[in-house]
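Architecture and fold: a report
This is what each chain is made of:
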Amino acid sequence: MGVLVPALLALAAAAIVPIVLHLLQRHQGPRVVFPALRYLRRAEKESARQIRLRQLLLLLLRVAALLLLAVAAAQPFIRGAGASHEPSAVAIILDNSLSSGTVSNDRRVLDVLKAHALETLLRAGPDDRFWLLRAGAPWEPALPGDAETTAARVRETEPTAAASDLAAAVAHAAALLATGAEGRAREIQILSDAQESAFRGAVDRLDDELEVVILAPGNAPPNRGVADVEIGGGLAPVEGQRSTVAVAIAGSGSDTVGVRLSLDGRTIAAGSAPVGSSAVLPLPARRAGVAAGHVEIDADALRGDDRRYIAMHIEPPPSVRYAGTNEFIRDALDVLADAGRIRREGGRADVSLLPSAAGIDALPAATAAVVLPPESPLELPALNRRLASAQIPWRYEPRTGSGEARIAATQGADDLMRPLERVRIRSWYALQRAGTGADTVLITMADGAPWAVRGMRGGGGVYVLLSTPLEETASTIPTSPAMLPLMDRVTGTWSATTAASPVVAPGESVALPDAADALLLPDGTREPVTGGSSFRGANEPGVYHVLAGPDTLTAFAVNPPPAESDLTRLDEDELRGWIDGASVAVPDADDWARTVFRHRLGAESWRPFALLALLLLLVEPLLAASGRVTGTRGTGTARRTSMNRPSPVTD
């Protein structure tokens, strides 16, 4: 229970007045013996008990009436028992991630969530303030607004291709309410499909006065989607060479689904695969350049994960030069040349494999340098001098300790990384940074030490450093299935001046080449950009072409996170235990309107107090009058008694 005007409760102090008057009436002066009244006193003693009881009742009536009037004036209400609520600051977290586009019971999940958000706003008061946080678009700002403005934003909300992070959204909402509530009751309303992956991470303990209401309607329908697309087993396609596209199908059920591959607006391959497996589609030989398209499967409840976009660079086979005597390297290069992956003819080389970096000073900027470490550590001083001369900010150092090592496992490893994880490294050198520069650690060892590094030389040109000699005595790589893919990657993707086409999630930033001046967006819009900057507007799924004038420099694909295809949902107990500290309510969909705005004012209840006070005030004069009548009658009786039968003198 609460009161609207607490200051008027001070009127209750008036109850002291009848108490003081009552005490004053009990004051008795000095007793004086008056013989004429002796007969009256005996009669009064007979009714004294009734008089004291009546006076006590009158006192209670007067005090109670004053207290009730004070309470009624303060306008009391029963908290939570009515439709009205305290002025509230509400952060509505609307989960519009990819999974909210699921159609269940002939209705889109997001439309259900939006309907309940609008139900909240319909019950808003003029003093309420709202923030709308779209969990599927965390890059959007959350602006405060009134109910009408927020309702308009809710209506225009559509599913994105991104995943939601509700822990981050709750932390953001709590921060907004902490600074923007301005004395209002604070409440966070989460409307989500309760997808398990959206509730990753723990929420920091919230303020005890913060109310949290979570709506998670319905059960998840079965779903399947394209989890991954791998081109050429992880090897970049080469001009004029056929390749393959492996499409991984994830989801629930065991049905076989149809898979189609489209490039440059034309379907070029089709196949089928059961859920949980991969369909391998042929990729015909193509000319050098950028190729873009998508793979897709048959439609189901969640349409957004049934298509995955791809972009690839198709380059001519590089010319590779190797003057060393390592037979394993020579054999691997011969196999790659026979397969058309590289060229071994003379002339200017695109890639040069340099044992101990010998000759790196003479390489032109157009030639990539692959540095192979020596077998003997005695050659390290000369090797490091050559690296310093080429302005490469790394040094080889002898390792400490003994024993074998492993390559670190990488999540989502391709056909190159998976065999590398099984090889044993017996001998290696420690790669230590010796300066600054833009570079990338391509592969690390199990202890986190770099095993392969890629960067740009000071005078121009790509460099690649390996920490292990490709000798049988140094590791099992030369005799393992990892040798050929590793050599293909070293002479191909890692040595290419053009970066591989990345695949990014919606909202991630993409580094643009220095020569870029525009982007061709998936909807055909040409957007000017600054070369060398980071582009943060890749929010819609599709292929983005990076342009320099009329030429296409590169392209990248934007796809939803594969985790969005798993529609597994948390149950009610898991939702309640997800947030620590705050009061959390998880109502049914039908109880949403009665659950939100937890700081209810309730129905005002001053009228019963006022009526009861009025009733007491009506009873008080009747009770007082009855006392006077009784007193009058008692006095007459006493008088009659004293006249008819005088009492003996006692005083």
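The coordinates are above.
Presented here is a report on the structure given in the accompanying data block. Sequence order sets the numbering: in each chain, residues are counted from 1 along the sequence as written. Local features are withheld for residues below a pLDDT of 70 in this predicted model, meaning they are given only at 70 or higher, and side-chain atom pairs are given and counted only at 80 or more; totals for whole chains, interfaces and linings count all residues. To obtain the side-chain values, all non-hydrogen atoms of the structure were used and water was disregarded.

1. Looking at the packing of helix α6 (residues 327-338) against helix α9 (residues 483-491)
The packing of two helices is summarised by the inter-axis angle and the distance between the axes. For every element, the axis is a line fit to its C-alpha atoms; helices are fit only across the contacting stretch, and the angle between N-to-C directions ranges from 0 to 180 degrees. Only DSSP runs of H or I covering at least 4 residues are called helices, and only runs of E covering at least 2 are called strands; the numbering of each starts at the N terminus. In contact at an axis separation of 10 Å, α6 and α9 are set at 75° when each is read in the N-to-C sense. The angle between the axes of α6 and α9 places the two elements in the roughly perpendicular class. Mapping the contact onto sequence places Phe328, Ile329, Ala332, Leu333, Val335 and Leu336 in α6 and Met483, Leu484, Met487, Asp488 and Thr491 in α9. Any angle that falls under 35 degrees is termed roughly parallel, while one over 145 is termed roughly antiparallel, one within 65 to 115 roughly perpendicular, and all others oblique. Throughout, a contact is declared for two residues whenever any of their heavy atoms are within 4.5 Å.

2. Considerations on the nonpolar core
As used here, the term nonpolar core means buried Ala, Val, Leu, Ile, Met, Phe, Trp, Tyr and Cys residues forming a set that is joined through side-chain atoms within 4.5 Å. Burial classes follow relative accessibility: with a 1.4 Å probe on protein chains only, a residue under 20% of its type's maximum area counts as buried, one over 50% as exposed, and anything between as partly exposed. Ile329, Leu353, Trp451, Leu470, Ile477 and Met487 are the most contacted members of the largest nonpolar core, which totals 34 residues. Of all hydrophobic cores here, the second largest spans 32 residues; its members include Ala89, Ala91, Ala167 and Ile579.

3. With respect to the sheet that holds strand β27 (residues 518-520)
Judged by pairing direction, the sheet is mixed, and its 5 strands sit side by side in the order β25-β31-β30-β27-β28 without closing on themselves. One side of each edge strand has no neighbouring strand; the edge strands of this open sheet are β25 (503-504) and β28 (526-528). Whether two strands pair comes down to DSSP finding at least two bridges between them. Here 3 bridges tie β27 to strand β30 (residues 542-548), and the two strands are oriented antiparallel to one another. Counted as the bridge partner of Leu519 is Val546 from β30.

4. Quick look at a nonpolar patch on the surface
Residues with no salt bridge and a relative accessible area higher than 30% make up the patches, which join like charges within 9 Å and nonpolar side chains (Val, Leu, Ile, Met, Phe, Trp, Tyr) within 5 Å. Accessible areas in this description were obtained via Shrake-Rupley with a 1.4 Å probe; residue shielding takes into account the shown protein chains only. The salt bridge criterion pairs a side-chain nitrogen of Lys or Arg with a carboxyl oxygen of Asp or Glu, the two atoms within 4 Å. Together, Ile16, Val17, Ile19, Val20, Leu21, Leu23 and Leu24 make up an exposed nonpolar region whose accessible area comes to about 620 Å². Tracing the sequence through the fold places Val17 in helix α1 (residues 16-25). On the basis of relative accessible area, Val17 is assigned to the partly exposed category, the value being 45%.

5. Concerning the side chain of Thr150
One can find Thr150 in helix α4 (residues 147-155). If we ignore the near neighbours within four places in the chain, the residues touching Thr150 are Leu121, Phe130, Leu132 and Gly145.

6. What to know about α9
Within α9, 8 of the 9 residues are buried, which leaves the element mostly enclosed by the surrounding structure. The set of residues buried in α9 consists of Met483, Pro485, Leu486, Met487, Asp488, Arg489, Val490 and Thr491. Structurally, α9 contributes buried residues whose contacts are with β17 (320-322), α6, β18 (351-355), β19 (368-372), α8 (417-420) and β23 (450-456).

7. Regarding the sheet that holds strand β11 (residues 243-251)
Pairing within the open sheet is antiparallel, and its 3 strands lie in the order β10-β11-β14. For this open sheet the edge positions go to β10 (224-231) and β14 (278-283), each flanked by a neighbour on one side alone. Going across the sheet, the axis of each strand differs from the next one's by a mean of 25°, ignoring polarity. Bridging between β10 and β11 involves 7 bridges; their strand directions are antiparallel. Bridged to Ile231 within β11 is Val245.

8. Thoughts on the pairing of strand β6 (residues 129-134)
With respect to burial, β6 is a largely interior element, 5 of its 6 residues being buried. Bridge count for strand β3 (residues 88-94) against β6 is 6 bridges, and the pairing is parallel. By the bridge assignment, Ala91 is partnered in β6 with Trp131. Bridging between β6 and strand β7 (residues 144-145) involves 2 bridges; their strand directions are antiparallel. For Trp131, the partnering residue across the bridge sits in β7 and is Pro144.

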